[in-house]
Amino acid sequence: MFKKGILFFSLILIFNLLVFTENGYAKEEKLRVIITFQKKIDEAVVYRMQGELHHKFTDISIATATVPKRVIPLLKSLPGVESVKEEIQFEKASETVKQPIRWSVKKVNGVQTIEKGLTGKGIKVAVLDTGISIDHEDLKVAGGISTVEDHKSYDDDNGHGTHVAGIIGAQNNGIGALGVAPDSELYAVKVLNREGFGGEGEIAAGIKWAIDNKMDIINMSLSSPRYSKVIENYINIAADKGIIVVAAAGNSGTPDGLQNTIEYPAKLEKTIAVGAIDKFDKRGYFSSSGKELDVVAPGVDVYSTFWQDGKNSYMVESGTSMAAPYVAGTLAVYKQKNPDDNLKEVLMRNTIDLGIPGKDNLYGNGLVQTERDSVAPTIPGNQMVSHIGQGDISLQWKASTEEVALKGYEIYRDGKKVKFLSELSYHDYLTNGSYAYQIRAIDKAGNKSDFTSTVKATVSGMNLKDVSNKDWYAPHVIYLSSKSIVSGYAGIGFSAGKNVKRSEAISMIGRAIGLNGTKRKTSFSDVNQSSFASGYIQSAFEAGIVSGNGDGNFHPEKNISRAEMAIMLSKAYKLKTVSNVSFTDVNKSMAAYQSINLVETNGITTGYSDGTFRPYSKVTRGQFAVFTARANNKQFKLDK
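Residues numbered from 1 in each chain as written. Predicted model: local features only at pLDDT ≥ 70, side-chain atom pairs only at ≥ 80, totals over all residues. Heavy atoms only, no water.

A. Representation of the side chain of His160 in the model. Tracing the backbone through its elements, the reader meets His160 in helix α6 (residues 160–169). Since its relative accessible area comes to 1%, His160 is described here as buried. Among the polar contacts listed, one links the side chain of His160 to the side chain of Ser321, at a separation of 2.9 Å. In this structure His160 touches Lys92, Ala93, Ser94, Asp129, Thr130, Ser221, Phe306, Glu317, Ser321 and Met322, once residues within four positions along its chain are discounted. (Helix = DSSP H or I, 4+ residues; strand = E, 2+ residues; numbered from the N terminus. Buried < 20%, exposed > 50% of the residue type's maximum accessible area, 1.4 Å probe, protein only. Polar contact = N/O pair within 3.5 Å; in protein donor to acceptor, adjacent residues only side chain to side chain. Contact = heavy atoms within 4.5 Å.)

B. Layout of the nonpolar core. If you look at the biggest cluster of nonpolar residues, it comprises 86 residues, and the most contacted ones within it are Ile207, Ile218, Met220, Val327 and Leu331. Per element, the largest residue contribution to this core is 10 residues, and it comes from helix α9 (residues 320–337). The contacts of Met220, once residues within four sequence positions are left out, are Leu128, Ile203, Ile207, Ile235, Val245, Val246, Ala247, Ala248 and Pro265. Formed by 72 residues, the second largest nonpolar core is a distinct cluster that contains Leu395, Ala512, Ile545 and Ala631. (Core = buried A, V, L, I, M, F, W, Y, C linked by side-chain atoms within 4.5 Å.)

C. Structural detail: the packing of helix α11 (residues 474–482) against helix α16 (residues 621–632). Where α11 contacts α16, the two axes come as close as 8 Å, and the packing angle between them is 65°. It follows that α11 is roughly perpendicular to α16 by the angle criterion. The chirality of how α11 crosses α16 is left-handed. Taken together, the residues of α16 that come into contact with α11 (itself represented by His476, Val477, Tyr479 and Leu480) are Ala625, Val626, Thr628, Ala629, Arg630 and Asn632. In terms of residue class, the contact of α11 with α16 is built from six nonpolar, three polar and one charged. (Axes fitted to C-alpha atoms, helices over the stretch in contact; angles between N-to-C directions. Parallel < 35°, antiparallel > 145°, perpendicular 65-115°, else oblique. Left-handed = near helix turned anticlockwise from the far one by under 90°. Nonpolar A, V, L, I, M, F, W, Y, C, P; charged D, E, K, R; others polar.)

D. Representation of the packing of helix α14 (residues 562–572) against α16 in the model. Between α14 and α16, the least distance of the axes is 11 Å, while the angle of their chain directions is 25°. Looking at the two axes, α14 sits roughly parallel to α16. Classified by chirality, the crossing of α16 by α14 is right-handed. Residues Arg562, Met565 and Leu569 of α14 lie in contact with α16, whose contacting residues are Phe624, Phe627 and Thr628.

E. Region of interest: the sheet that holds strand β1 (residues 30–37). Pairing is antiparallel in the open sheet, where four strands are placed in the order β2-β3-β1-β4. Unpaired on one side and paired on the other, β2 (52–57) and β4 (81–86) mark the two borders of the sheet. Going across the sheet, the axis of each strand differs from the next one's by a mean of 25°, ignoring polarity. With five bridges joining them, β2 and strand β3 (residues 62–68) adopt antiparallel strand pairing. Looking at the pairing, His55 lines up with Thr64 of β3. Sheet contacts for helix α7 (residues 200–212): β1, β2, β3 and β4; angle to β2, the most-contacted strand, approximately 35°. (Pairing = 2+ DSSP bridges.)

F. Representation of the environment of Gln623. Note that Gln623 resides in helix α16. Classification of Gln623 by relative accessible area gives partly exposed; the value is 22%. Distance from Gln623 to Phe613, taken between C-alpha atoms, is 14 Å for residues 10 residues apart in sequence. Here the side chain of Gln623 touches Thr620 through a polar contact of 2.9 Å, landing on its backbone nitrogen.

G. Examining unusual backbone geometry more closely. In this model, Tyr264 is joined to Pro265 through a cis peptide bond whose omega is 10°. Tracing the sequence through the fold places Pro265 in the loop between β13 (244–248) and β14 (272–277). Even without being glycine, Ser61 reaches a positive phi, approximately 55°. Mapping Ser61 onto the fold places it in the loop between β2 and β3. In this structure Ser61 comes out as buried when scored by relative accessible area, which is 9%. At Asp281, a residue that is not glycine, the phi angle is positive and equals roughly 65°. Following the sequence through the fold, Asp281 ends up in the loop between β14 and β15 (295–298).

H. Broad picture of the pairing of strand β23 (residues 433–443). Burial of β23 is extensive: eight of the 11 residues sit out of reach of the surface. Pairing geometry for strand β20 (residues 406–413) and β23, over seven bridges, is antiparallel. Directly across from Leu406, in β23, lies its bridge partner Asp443. Here β23 pairs with strand β24 (residues 455–459) via five bridges, running antiparallel. For Tyr435, the partnering residue across the bridge sits in β24 and is Ala457.

I. Geometry of the pattern of salt bridges. Applying the stated criterion to the full structure yields 22 salt bridges. Between Arg440 and Glu410 there is a salt bridge; the shortest N-O distance is 2.7 Å. On the criterion of sequence distance, the pair formed by Arg440 in strand β23 and Glu410 in strand β20 is long-range, its members being 30 residues apart. Of the two residues, Arg440 and Glu410, both sit in the buried class. Between Lys501 and Glu557 there is a salt bridge, with the nearest N and O atoms lying 2.7 Å from each other. Separated by 56 residues along the polypeptide, Lys501 in the loop between α11 and α12 (502–513) and Glu557 in the loop between α13 (534–542) and α14 bring together distant segments of the chain. Through salt bridges with shared partners, one network takes in Arg32, Glu87, Glu149 and Glu202. (Salt bridge = Lys/Arg side-chain N within 4 Å of Asp/Glu carboxyl O.)

J. Geometry of helix α8 (residues 229–240). With 12 residues, α8 ought to run about 16 Å at 1.5 Å a step, and its terminal C-alpha atoms sit 16 Å apart, in line with that. Phi turns positive, to about 90°, at Gly242, one or two residues after α8. (Expected span 1.5 Å × (residues − 1).)

K. Fine view of the environment of Ile442. If you trace the backbone, Ile442 turns up in strand β23. When its relative accessible area of 0% is taken as the criterion, Ile442 is described as buried. Distance in space between the C-alpha atoms of Ile442 and Ile175 is 38 Å, their sequence separation being 267 residues. Look past the residues within four positions of Ile442 in its chain and what remains in contact with it is Leu406, Lys407, Gly408, Glu410, Phe420, Asn447 and Lys448.

Okay, structure coming up:
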């Protein structure tokens, strides 16, 4: 009876609202919304609210609709409705400039591959944009769809999509522009309107169309600072089906590039995020930066096909919108050449490193190339040797034979780059399993050598069953375990999330720096001679690393704080070089002030993103293992 009463009351409200709307507010404000249903989509709910249904995604129970703004609170309260949110609007990611400069195809080595017949032939590329001009003399459109309301044609009515399409597939016909993959099959998926904007529903529907029509590559030269669940859902489905999704990183970058400004959908894990550079290999001032950035491509003053005011033409534009299709076209060339390759891996391997060595937030893995020339330096004998300890894989190789200035070496494990360094050796700390390694040298000009032959290594005997390679602390714990500095609890494992006690912490440090751990009587009344830590506690006391709390006790079972951790490590490793590190919750009156500065400036730990150090927060076993490993081995230190 109670539920019926609620339903009856809701219906009365709906009826009154609709009557009131019809009589007095026929022109009231309306909004486009995303409606998530708890089970299945109920179209009747939308119509009862005088709404208009746009897109239905039955597999995830989401619909897009336009409804009167004033009914949204009621709509949210109806049975079966999980949430109602205003639809996110995406826009084209470009800035128009006027001076034509034709340089960009050469920059990605496109001319060379085209001359070899690598033109993307037979590869299907979906351009999710404002459409493509279907009668442009320099383009061939294989098909497409419009998901934009009241636009049945996928013909371009903005110009942006035509410009993007030309970067990928402008014909090699002696006129106008030249695309990176001129023989690829272009599909116009119109998801943005004539003003260059599109809602989540249009874009998600466009991705779904690309999936249903078995596209090979999706190019998305559009962005928004807001996350969309429905768009991520379909990008994940596309990626799982082997479709590569390329996305513009966005044009919200700052001049110094220090902030993370990568926008969606490029920020999502299963896209390839693309930033923009100019003809001098410098990042475009507008190009978004951040850890999610994968690669860069030409995106400043790019000449390509265009449509404007009912006429086909050519235009120079700038933006990450222009950079993304260079990557999409490059991937089409890769797929034509070796359709069974892991194309994203090939893309990353063939980049020219820009900026600081290795992957960075401004240039990602570097400038994409449709094909890399055979370049120096080489590694003698094309060989690498390895030695396996308990969880420790030691790799060594010889220096380059050429007299060239090297940046260093890239280490790849199982096809993924894991480290960039200048030394001729590397230690990898891993759980039980088999691994495959390759390395390549990089010179100061960014040229990359061929990869060494693959060296395989198998780790066995690691008994920390609750430590996985995916855990952020795993290599540090495994390193300490391989040196017999730490061990796990019998039948349990390492228990990284458990708070570390003073007795455990000083034993870990004692083993790491070689203190005498022989059990013996200590200077503290609360430490039993038979305790596993008694020897290390007494040795640390004698070395001035620890002291009592003024009551003659050590308090071995007490959990340590970050401040105590800093004091122990700074004294144990005799750290030097204090700078004026500023944390909002650390001041000179604190006993741990100098020690906190020391562990920060020596690359052992740092503060939190809010500017605090949190000196009184407890330290877990996993955290303390990481701090100790960084103090004990420069390979683990944070870059300063």
